[in-house]
Amino acid sequence: MRTILLLFLSNLFMTTAWYWHLKFRETDLWKVILISWLIAFVEYCIAVPANRIGSYSFNAFELKTIQEVVSLAVFVAFAVFYLKEPVRWNYLVGFGLIVLAVYFIFKKW
């Protein structure tokens, strides 16, 4: 659970680093890059320990899968609440397919 919480927190920072500036298109690109790098540094300081801790319970494929699902969940919330983007039916279908991928990755065959 600690790994998932840390990955969630790190993804909050990374999603912010990558997309916050979309509402500030008048800001110089070099400033946006600098600010984003500073935000991303915090993300790395959280993500690296999350993966190190998680490696005791999950293999690399499982860790990456968890990270992608958390990343997608954080992004959806960010896009809806911060960027005011709508969620369309085809996005939900795509997310459903990702959930199916998670099933196959974590299923013990």
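Parameters at a glance
Counting from 1, residues in each chain are numbered in the order their sequence is written. The predicted nature of this model means local features are confined to residues of pLDDT at least 70 and side-chain atom pairs, given and counted, to a pLDDT of 80 or more, with totals for whole chains, interfaces and linings taken over all residues. Hydrogens and water molecules were not included; the side-chain quantities draw on all heavy atoms of the structure. Two aromatic rings from Phe, Tyr or Trp, using only the six-membered ring of Trp, form a pair when their centres are within 6.5 Å; if the ring planes differ by under 30 degrees the pair is stacked, by over 60 it is edge-to-face, and anything between is tilted. Relative accessibility decides the category of a residue: with a 1.4 Å probe and only protein chains considered, values under 20% of the type maximum give buried, values over 50% give exposed, and everything between is partly exposed. Lysine and arginine charges are scored as sitting over a ring when NZ or CZ, respectively, is within 6 Å of the ring centre and within 35 degrees of the ring normal. Note on definitions: angles span 0 to 180 degrees between N-to-C directions of axes, and those axes are lines fitted to C-alpha atoms, for helices only across the stretch in contact. By the criteria applied, helices consist of DSSP H or I runs no shorter than four residues and strands consist of E runs no shorter than two, each listed in order from the N terminus. Should an angle lie under 35 degrees it is considered roughly parallel, over 145 roughly antiparallel, and from 65 to 115 roughly perpendicular; all remaining angles are considered oblique. Throughout, a crossing is termed right-handed when the near helix is turned clockwise from the far one, and left-handed when it is turned anticlockwise from it by less than a right angle. Residues count as neighbours in contact if any of their non-hydrogen atoms are within 4.5 Å of one another. Gly is placed with the polar residues, together with every amino acid not listed as nonpolar (Ala, Val, Leu, Ile, Met, Phe, Trp, Tyr, Cys and Pro) or charged (Asp, Glu, Lys and Arg). For the charge count, each Lys or Arg is scored as positive and each Asp or Glu as negative, with His and the chain ends excluded. Throughout this description, the term salt bridge denotes a Lys or Arg side-chain nitrogen within 4 Å of a carboxyl oxygen of Asp or Glu.

A. Molecular detail of the packing of aromatic side chains. Under the defined criterion, the tally for this structure stands at 7 aromatic pairs. Each ring, one from Tyr103 and one from Phe104, has its centre 5.3 Å from the other, and the planes form 75°; the classification is edge-to-face. Using a relative accessible area of 45% as the deciding quantity, one classes Tyr103 as partly exposed. Through pairs of rings, three or more aromatic residues link up here, namely Trp18, Tyr19 and Phe75. Sitting above the plane of the Tyr82 ring, Lys23 keeps its charged end 4.4 Å from the centroid. The cationic tip of Lys107 hangs over the ring face of Trp109; the distance from NZ or CZ to the ring centre is 5.4 Å.

B. Local environment of the packing of helix H1 (residues 2–19) against helix H3 (residues 60–81). Close contact between H1 and H3 brings their axes to 9 Å; oriented N to C, the two are set at 50°. In terms of their interaxial angle, H1 and H3 are classed as oblique. Note on packing geometry: the crossing formed by H1 with H3 is right-handed. Residues Thr3, Ile4, Leu7, Phe8, Asn11, Leu12, Thr15, Thr16 and Tyr19 of H1 touch H3, and the partners they reach there are Leu63, Ile66, Gln67, Val70, Ser71, Val74, Phe75 and Phe78. In terms of residue class, the contact of H1 with H3 is made up of 11 nonpolar, 6 polar and no charged.

C. Summary view of the side chain of Glu43. Position of Glu43 among the secondary structure elements: in helix H2 (residues 29–54). Buried and without a salt bridge, Glu43 has Lys64 as its closest oppositely charged side chain, separated by 9.1 Å. If we ignore the near neighbours within four places in the chain, the residues touching Glu43 are Ser10, Phe13 and Met14.

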